[in-house]
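Residues per chain are reported as follows:
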Amino acid sequence: MASFLCLPAVQCILNTPAFFAEKLSNLQGNLKKDILTRIMVSRSEIDLVFIKKEFKKKTGKSLHQFIT
């Protein structure tokens, strides 16, 4: 059970942009606007460029297209 709880932390440490790209690609509907906003603001000056690249690789569309 403890290893299951540590999996997101390990995923984030191993590949932070891929971790956040995965979180963003799983967002749907208005209920998740707060999560989208939190990720975009908190990562904007750190690695948002890399997150956008990982998002495009994962989903086939740009993060901008997804948000709009």
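Residues numbered from 1 in each chain as written. Predicted model: local features only at pLDDT ≥ 70, side-chain atom pairs only at ≥ 80, totals over all residues. Heavy atoms only, no water.

Draft legend 1. Spatial organisation of the nonpolar core. The biggest cluster of nonpolar side chains holds eleven residues, and these are F19, F20, A21, L24, L27, L36, I39, L48, I51, F55 and L63. For this core, the secondary-structure elements that each account for two or more residues are α2 (16-25), α3 (33-43) and α4 (48-59). Apart from the residues lying within four places of it in its own chain, the contact partners of L24 are L36, I39, I51, F55, L63 and F66. (Core = buried A, V, L, I, M, F, W, Y, C linked by side-chain atoms within 4.5 Å. Buried < 20%, exposed > 50% of the residue type's maximum accessible area, 1.4 Å probe, protein only. Helix = DSSP H or I, 4+ residues; strand = E, 2+ residues; numbered from the N terminus. Contact = heavy atoms within 4.5 Å.)

Draft legend 2. Examining α2 more closely. When you tally the buried positions in α2, you get seven out of ten residues, the bulk of the element. Every buried residue belonging to α2 is among T16, P17, F19, F20, A21, L24 and S25, and all of these are buried.

Draft legend 3. Just the packing of α2 against α3, in detail. Their axes nearest at 10 Å, the elements α2 and α3 cross at an angle of 155 degrees. By the angle class used here, α2 and α3 are roughly antiparallel. Judged by the twist between their axes, the crossing of α2 over α3 is left-handed. When α2 is examined against α3, the residues T16, F20, K23 and L24 are found in contact with a partner set consisting of L36, I39 and R43. Among the residues forming the contact of α2 with α3, the class breakdown is four nonpolar, one polar and two charged. (Axes fitted to C-alpha atoms, helices over the stretch in contact; angles between N-to-C directions. Parallel < 35°, antiparallel > 145°, perpendicular 65-115°, else oblique. Left-handed = near helix turned anticlockwise from the far one by under 90°. Nonpolar A, V, L, I, M, F, W, Y, C, P; charged D, E, K, R; others polar.)

Draft legend 4. Seen up close, the confidence of the model for the protein chain. For the protein chain, the mean per-residue pLDDT works out to 85, and 88% of the residues sit at or above 70. Of all the helices and strands in the protein chain, helix α1 (residues 2-14) carries the lowest mean pLDDT, 74, while α4 carries the highest, 94. (pLDDT = per-residue confidence, 0-100.)

Draft legend 5. Broad picture of the pattern of salt bridges. Evaluated as defined, the whole model comprises three salt bridges. K58 is the salt-bridge partner of E22, the closest N and O atoms lying 3.0 Å from each other. In this pair, E22 sits in helix α2 while K58 sits in helix α4, placing the two residues 36 residues apart along the sequence. Residue classification places E22 among the partly exposed residues on the basis of a relative accessible area of 31%. For E54, the salt bridge goes to K57, with nearest N and O atoms at 3.4 Å. Taken as a pair, E54 and K57 lie in helix α4 at a separation of three residues, close to a single helical turn. (Salt bridge = Lys/Arg side-chain N within 4 Å of Asp/Glu carboxyl O.)

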